[in-house]
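Residue-level structure breakdown
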Amino acid sequence: MLSRIGLKYPARLHCEKVISFLSDADRHDAIILARGTQVQNRDNTDTELDFRQESNFLYLTGVQEADYYFLYDIPNTKAYLIAPEENPILAVWKGPGYTDEQLLARYDVDVVVRYPCLLELLRDEIRPSKIHGWNRPEQGLPLRNKALEHELEHYISHRLVQPAAPTSATAAVTTYKPSTIDDRIHHHHGPYGDHNGHRCGHHKHRHYDRDDPHPPHDPKTPARVTILEALVLARINKTPIEIALSRESTRITSDAHRLVMKSARPGMFEYQLEALFRYECARQGAKSQAYLPIVGTAVNAAYLHYTRNDTQIKDGDLVLIDAACEADCYGSDVTRTFPVNGRFSKEQAEIYSLVLEMQTSVINKMEQGVDWREMAALSQRIGVRGLKRLGILKGDDTDLIESGIIRIFYPHGLGHLLGLNVHDDGLGLSIQLPPPASAATSKSEVQVQGFLGTKESPITFHRTNIDELAPPSTRRSRAFKAGSTSLYATPSTKLEPGMLLTVEPGIYFNPAQLERALAMPYAAQYLDEPTLKKYMSVGGVRIEDVVLVLPNGQVENITTAPKILSQVERIVQEGQEEYQRSQRSGEQESGYSVSEKKTTEKVAEKTSPVVADCSSSSSAEEIPHRIKKRVSVFKKILRAIRNMF
């Protein structure tokens, strides 16, 4: 989308931002070598899959084509785009690739080099002693010369910077595991993270014993920041172009949600709403979805990542649609829940209003410095009190909150960071830069410009004396080295300017989950089963918006899809009224006689089951109208044939 308006992606700014988190030693005589995503085919076929660039590679380059490499010479601040070799045969099938001049005009780089010249560039010109990379950059594209191919792989692999293992002193007092990429442990808490919103499933944590009182590292001996960790830190706070792209993807996403609300009718299938959503995004230039669309009706809405989308929607059902597009790989993440007939039932309205209260209360409290865990706890407290008010839960408020019973109805986190990945890394990292010893009391704070791109809106890191830092958490602690200054990242989960987050509370009536809870005496004591049964037909309600933390510390909800209960009902009703008007006008324009109309209706009654299975819209009212239109067209064709003779 940037290329359409003549703008370049700010790759150089992003490179410098990443490098700022590396130590002096890791910057010296070093380069970054990144491998982009290659063309992927379906298993055992030559059918190409949809291409999507690896997020970290795109962050450093802005390149959205396959088979590219990127090299950044850190000491000389020089960017090289390594393009695939020109292939005249491939051009016959795919069209011509970009020339070197076109690539220089298109991307924020200094030099374009073709891949066969990469070894010569490394060995004879740059000659780095250290190479920072990920995703096995030594495993390159095939070359015509196998010896050259092997030499290039050998050159890169012998200079790759490996993550440092802990010191012997640290290892003696902890069960800390050596920090290699292959043996890091993933902690999975479901696709939405744990209940405090930590995106543990996507972070690669260092493993240690929770019961060990010693932190994994002595704060006075900071660990080395790997290139992947530097990328995570750099991507937490968005630059102006990133924010603009996220705004655009969220705007298009909101428009698509409006279209789905206006177009939904009883009798349609979930996949038809998905198709409408994808259509509107593509119509506005966003061809890619940020994730598989979730379109759940009735009980399907209670399944957090339901993507089958194959159920017919019945009159009176709620529809939950969690879907969003990407703009230049920057995604959105928006969820809306609405009644397909345009009217919430009493139970549906009560649960919807509760979820909306949970979300708006959190957004109203959000600002710079707010602890995200406190926001998650706030949403849980409101959820507990609301379910008790409706009679679904029973017992003392404090007991209900401490019991964790809310997790039966609200089993995921409050939200997550958003960016190049829909579940972006980094939530839980709070940056602090202690001052150097020579300037320990010179200033109360330091401004790091470029993180938001302007002098008027820099990100401010408060200086803190090392001795005054809070003890590292037993959950997750990192002491980093950035330049000559110790950089600490602790899981304080404070909101910072430039963060994009989702706020997505929900209440779900999952039959299997509730059946297990009722069978457990500890949980059953808090549940009122007769009242609970009245609400089972609701299925699930989730409301999700994208929120930006502004430079002034306030937040802005950049999502525009309607979510107030009366607004949601109105937009669905307006869509149905427009449909009914178009139906009536279609009948008037057809000019049928009464006998023709009765005949058509009889045909429709006989053929409607078959038509419903194969038609693009399964609405019962729409089938007779389509048959009438076909008869009308057939009559016009007959008249035209008669006029020819």
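Residues numbered from 1 in each chain as written. Predicted model: local features only at pLDDT ≥ 70, side-chain atom pairs only at ≥ 80, totals over all residues. Heavy atoms only, no water.

1. Quick look at the sheet that holds strand β3 (residues 78–83)
Under the convention used in this document: Whether two strands pair comes down to DSSP finding at least two bridges between them. In this description a helix means any DSSP run of H or I spanning at least four residues, a strand means any run of E spanning at least two, and both kinds are numbered starting from the N terminus. Simply put, an axis is a line fit to the C-alpha atoms, just over the touching stretch for a helix, and the angle between two N-to-C directions goes from 0 to 180 degrees.
Read across the sheet, 5 strands follow the order β4-β3-β2-β1-β5 without closing on themselves; strand pairing throughout is mixed. This sheet does not close on itself; its edge strands, each paired only once, are β4 (111–114) and β5 (130–132). The mean angle between the axes of side-by-side strands here comes to 25 degrees, regardless of whether they run parallel or antiparallel. With 3 bridges joining them, strand β1 (residues 30–35) and β5 adopt parallel strand pairing. Residue pairing in the sheet places I32 in a bridge with H132 of β5.

2. Considerations on the packing of aromatic side chains
Where we set the bar: Any pair of Phe, Tyr and Trp rings, taking the six-membered ring for Trp, is counted once the centres come within 6.5 Å. Such a pair is stacked with planes under 30 degrees apart, edge-to-face with planes over 60 apart, and tilted for the rest. Partly exposed residues are those whose accessible area sits between 20% and 50% of the maximum for their type, while under 20% is buried and over 50% is exposed, using a 1.4 Å probe and protein chains only. By definition, being over a ring means that NZ of Lys or CZ of Arg is both within 6 Å of the ring centre and within 35 degrees of the ring normal.
Tallying each qualifying case throughout the model produces 8 aromatic pairs. Plain terms: the ring middles of F70 and Y72 are 6.4 Å apart, the flat faces sit at 25 degrees to each other, and that makes the pair stacked. The buried category is assigned to F70, whose relative accessible area is 1%. Ring geometry for F344 against Y352: centres 4.9 Å apart, planes inclined by 45 degrees, an arrangement best described as tilted. Across the pair, Y352 and F344 agree in class, each one buried. Ring pairing ties together the aromatic residues F409, F509 and Y535, which thus form one cluster. Looking at R265, its charged tip hangs above the ring of Y579, at a distance of 3.9 Å from the centre.

3. Let's talk about the packing of helix α12 (residues 346–365) against helix α13 (residues 372–389)
Test applied: Note on angle classes: values under 35 degrees are labelled roughly parallel, values over 145 roughly antiparallel, values of 65 to 115 roughly perpendicular, and the remainder oblique. Crossing handedness is read from the near helix: turned anticlockwise from the far helix by less than a right angle, it gives a left-handed crossing, and turned clockwise, a right-handed one. Any two residues whose heavy atoms approach within 4.5 Å are treated as being in contact.
For the pair α12 and α13, the least separation of the axes is 9 Å and the interaxial angle reads 155 degrees. The angle between α12 and α13 falls in the class roughly antiparallel. Helix-helix and strand crossings are classified by hand; for α12 and α13 the assignment is right-handed. Contact with α12, carried on its side by I351, L354, E357, M358, S361, V362 and K365, involves M375, L378, S379, I382, G383, G386, L387 and R389 of α13 and no other residues of that element.

4. Section: unusual backbone geometry
Of note in the backbone geometry, D67 takes a positive phi value of approximately 70 degrees without being a glycine. With respect to the secondary-structure elements, D67 resides in the loop between α3 (55–61) and β2 (69–73). A positive phi is found at A298, a non-glycine position, where the angle reads about 55 degrees. With respect to the helices and strands, the residue A298 is situated in the loop between β6 (294–297) and β7 (318–323). Classification of A298 as buried rests on a relative accessible area of 18%.

5. A word on the packing of helix α6 (residues 118–126) against helix α7 (residues 146–157)
Formally: Residues were grouped as follows: Ala, Val, Leu, Ile, Met, Phe, Trp, Tyr, Cys and Pro as nonpolar; Asp, Glu, Lys and Arg as charged; and all remaining residues, including Gly, as polar.
Closest axis-to-axis distance for the α6/α7 pair is 10 Å, and the angle between their directions is 50 degrees. Classed by the angle they form, the pair α6 and α7 counts as oblique. By crossing handedness, the relation of α6 to α7 is classed as left-handed. Residues L118, L119, L122 and R123 of α6 pack against L148, E151, L152, Y155 and I156 of α7. Partitioning the contact of α6 with α7 into residue classes produces 7 nonpolar, no polar and 2 charged.

6. Some remarks on the environment of E149
For E149, the position within the fold is in helix α7. Spatially, the C-alpha atom of E149 lies 9.7 Å from that of E138, the residues being 11 residues apart in sequence. Once residues within four sequence positions are removed from consideration, E149 is found in contact with L141, P142 and L143.

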